[in-house]
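The chain contents come next:
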Amino acid sequence: MSTSTALPPRPAAGTDGTAATPGLPPRRRSFGAWFKDTGWRHLVGLAMMAFALLPLAYVLSAALSPSGTLVASSGLFRDIGFDNFQALFTDPQKPFARWFINTVVIGLVTSASTVFLGALAAYSFSRMRFTGRRMGLLSLLLLQMFPQMLGVVAIFLLLSEISDIVPWLGLGSQLGLIMVYLGGALGVNTYLMYGFFNTVPKTLDEAARIDGAGHFQIFFTIILRLVTPILAIVGLLTFITTTGEFMIASIVLNDPDTQTLAVGLYSFVGDNQSRTWGVFSAGAVLAAMPVMALFLFLQRYIASGLVAGAVKG
């Protein structure tokens, strides 16, 4: 009768892949092994961070430079002053504060309307079956292939004709600009939300219908909570696009009191005789604040909206 002998336990491996001696701390990895494994990733990350932050630092340095030119700001943060920020609010011909308010209002209204109307359309395409549904989805797919810039001439002529009938909806009207933005944003965003709506199990709808809920209750009490991430993303992207759009806004808004920041700030550098790059940089820094604030506000919804919605649902 053979007896089996128990094998001695293998020593624990050290951090460098070698066997560790019992009773002694594990050997530390060499710098070469660490760099080959994960160190080069940190180096690439730092390089990309520097590449992304350098333009921002350059603009901020130009905004704080009292000289008001980009050439003198080559030495970053050599001279610091707030004259450029003060000049933004002291020129009566260029109402920066009014432009800032107009941009925030137009951006928020356009984003909220895009999210609400796009969610309604996406829910209809995802949960309902009706005549023309497939053709509607194909139309949305085709429309998002053509940028809105291609219709600038048509938009101008259309708003010109509308101005004769409904002045508050034509050229020079902020509401008309919002309508133009909605027409360009609903196509791609509806199709984007439609794909996200399809990931929500339809068994939730069936269970709600058994309890007597209709489409209105299902949409507002169940579906919207589960699709919070895509709503936050669409709202954020729409706000960024709206606040930074220049071409259509410059055509529609011809009154300085109704213009947005993208159009108004161009007046600081559009004149070849008096280009105030320092004031322009200061305005660009302040123009980025609403986008940063909205991103920080929606970040928690983007990160945890799906989980929170599933629990609440």
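Parameters at a glance
Residues numbered from 1 in each chain as written. Predicted model: local features only at pLDDT ≥ 70, side-chain atom pairs only at ≥ 80, totals over all residues. Heavy atoms only, no water. Helix = DSSP H or I, 4+ residues; strand = E, 2+ residues; numbered from the N terminus. Buried < 20%, exposed > 50% of the residue type's maximum accessible area, 1.4 Å probe, protein only. Areas by Shrake-Rupley, 256 points an atom, 1.4 Å probe, with all protein chains shown as cover. pLDDT = per-residue confidence, 0-100. Contact = heavy atoms within 4.5 Å. 1 Å grid on protein atoms, 1.4 Å probe; cavity = no way out; pocket = protein on both sides within 12 Å on 5 of 7 lines; lining within 4 Å. Points joined across faces, edges and corners; volume = space filled by probe spheres on them. Nonpolar A, V, L, I, M, F, W, Y, C, P; charged D, E, K, R; others polar. Axes fitted to C-alpha atoms, helices over the stretch in contact; angles between N-to-C directions. Parallel < 35°, antiparallel > 145°, perpendicular 65-115°, else oblique. Left-handed = near helix turned anticlockwise from the far one by under 90°. Phe/Tyr/Trp six-rings, centres within 6.5 Å; stacked < 30°, edge-to-face > 60°. Salt bridge = Lys/Arg side-chain N within 4 Å of Asp/Glu carboxyl O. Core = buried A, V, L, I, M, F, W, Y, C linked by side-chain atoms within 4.5 Å.

Chemist: Would you take a moment to explain the overall build of the protein chain for this structure?
Modeler: Of regular secondary structure, the protein chain possesses twelve helices and zero strands. Its helices and strands in sequence order give the protein chain the pattern α-α-α-α-α-α-α-α-α-α-α-α, from N to C terminus. Of all 313 residues assigned to the protein chain, the portion counted as buried reaches 33%. As displayed, the protein chain has an accessible area near 19,200 Å², and 69% of this comes from carbon and sulfur atoms.

Chemist: Before we go on, may I ask you to explain the confidence of the model for the protein chain in this structure?
Modeler: Note: predicted coordinates in regions of low pLDDT should not be interpreted at a detailed level. Scored by pLDDT, the protein chain comes out at a mean of 82, with 84% of its residues at no less than 70. Across the protein chain, the secondary-structure element scoring lowest on mean pLDDT is helix 12 (residues 277–312), at 77, and the one scoring highest is helix 3 (residues 96–127), at 93. Across residues 305–313, where pLDDT falls below 50, the model places ten contacts with residues more than four positions away in sequence or in other chains.

Chemist: What is the right way to look at the layout of surface pockets in this model?
Modeler: Rolled over the atoms, a probe with the dimensions of a water molecule shows which regions are left empty. Each pocket or cavity is described by its volume, and for the largest pocket that value is around 580 Å³. As for the largest pocket, its lining consists of 24 residues, and the residues nearest its centre are Gln 148, Tyr 181, Gly 184, Ala 185 and Val 188. When contributions to the lining of the largest pocket are tallied by element, the ones reaching two or more residues are helix 4 (133–143), helix 6 (174–197) and helix 9 (228–244). Here the lining of the largest pocket is built from residues that sort into twelve nonpolar, eleven polar and one charged.

Chemist: Whenever I open this one, the packing of helix 7 (residues 203–210) against helix 8 (residues 215–226) confuses me. Can you help?
Modeler: Each pair of packed helices can be summarised by the angle the axes make with each other and by the distance between the axes. Where helix 7 meets helix 8, the closest approach of the two axes is 10 Å, and the angle between their N-to-C directions is 140°. With respect to helix 8, the element helix 7 is oriented oblique. Like other packed secondary-structure pairs, helix 7 and helix 8 cross with a definite hand, here right-handed. Together, Leu 204, Asp 205, Ala 208 and Arg 209 of helix 7 and His 215, Ile 218, Ile 222, Ile 223 and Leu 226 of helix 8 make up the contact between the two elements. Its residues assigned to classes, the contact of helix 7 with helix 8 shows six nonpolar, one polar and two charged.

Chemist: Looking at this structure, I do not really get the environment of Val 152. What am I missing?
Modeler: Residue placement: Val 152 occurs in helix 5 (residues 152–165). Relative accessible area serves as the criterion here: at 13%, Val 152 is assigned to the buried category. Setting aside chain neighbours within four positions, we find Val 152 in contact with Met 247, Ile 248 and Ile 251.

Chemist: Before we go on, may I ask you to explain the packing of aromatic side chains in this structure?
Modeler: For any pair of aromatic rings, the description consists of the separation of the ring centres together with the inter-plane angle of the planes. In this structure the tally under the stated criterion is twelve aromatic pairs. Taking the centre distance of 6.4 Å and the plane angle of 35° together, the rings of Phe 116 and Phe 220 count as tilted. With a gap of 104 residues between them, Phe 116 in helix 3 and Phe 220 in helix 8 connect regions that are remote in the sequence. Residue classification places Phe 116 among the partly exposed residues on the basis of a relative accessible area of 42%. Residue Phe 220 is classed as partly exposed on the basis of its relative accessible area, which comes to 32%. Ring geometry for Phe 216 and Phe 220: centres 4.6 Å apart, planes at 45°, overall tilted. Linking Phe 216 with Phe 220, this pair stays in helix 8, spanning four residues, or about one helical turn.

Chemist: I keep staring at the pattern of salt bridges and nothing clicks. Help me out?
Modeler: Any two side chains of opposite charge can pair, given that their charged atoms come close. The tally for this structure, following the rule as stated, stands at one salt bridge. Between Arg 127 and Asp 205 there is a salt bridge, with the nearest N and O atoms lying 2.6 Å from each other. Taken together, the positions of Arg 127 in helix 3 and Asp 205 in helix 7 put the pair 78 residues apart, joining distant regions of the chain. The same class applies to Arg 127 and to Asp 205, which are both buried.

Chemist: How should the packing of helix 3 against helix 9 be read in this particular structure?
Modeler: At a minimum axis distance of 8 Å, the contact between helix 3 and helix 9 shows a crossing angle of 145°. At the point where helix 3 passes helix 9, the crossing takes the right-handed sense. Along the contact surface, helix 3 presents Thr 103, Val 104, Ile 106, Gly 107, Leu 108, Thr 110, Ser 111, Thr 114, Val 115 and Ala 119, while helix 9 presents Leu 231, Val 234, Gly 235, Thr 238, Phe 239, Thr 242 and Thr 243. Here the contact of helix 3 with helix 9 is built from residues that sort into eight nonpolar, nine polar and no charged.

Chemist: How do you make sense of the environment of Leu 192 when you look at a structure like this?
Modeler: With respect to the helices, strands and loops of the structure, Leu 192 is situated in helix 6. A relative accessible area of 40% places Leu 192 in the partly exposed class. C-alpha of Leu 192 to C-alpha of Val 234: the two residues are 42 residues apart in sequence and 8.6 Å apart in space.

Chemist: Would you take a moment to explain the nonpolar core for this structure?
Modeler: One broad trend across soluble globular proteins is that nonpolar side chains are buried collectively. If you look at the biggest cluster of nonpolar residues, it comprises 21 residues, and the most contacted ones within it are Met 193, Phe 197, Ile 223, Val 227 and Leu 231. Contributions of two or more residues to this core are made by helix 3, helix 4, helix 6, helix 8 and helix 9. Sequence-distant contacts of Val 227, that is, excluding residues within four places in its chain, are made with Phe 196, Phe 197 and Val 200.

Chemist: For this particular structure, what's the right way to read the side chain of Gln 259?
Modeler: Along the chain, Gln 259 falls in the loop between helix 10 (247–252) and helix 11 (261–269). Exposure remark for Gln 259: the relative accessible area of 13% places this residue in the buried category. Once residues lying within four places of it in the same chain are set aside, the contact partners of Gln 259 are Trp 99, Asn 102, Leu 253, Asn 254 and Gly 264.

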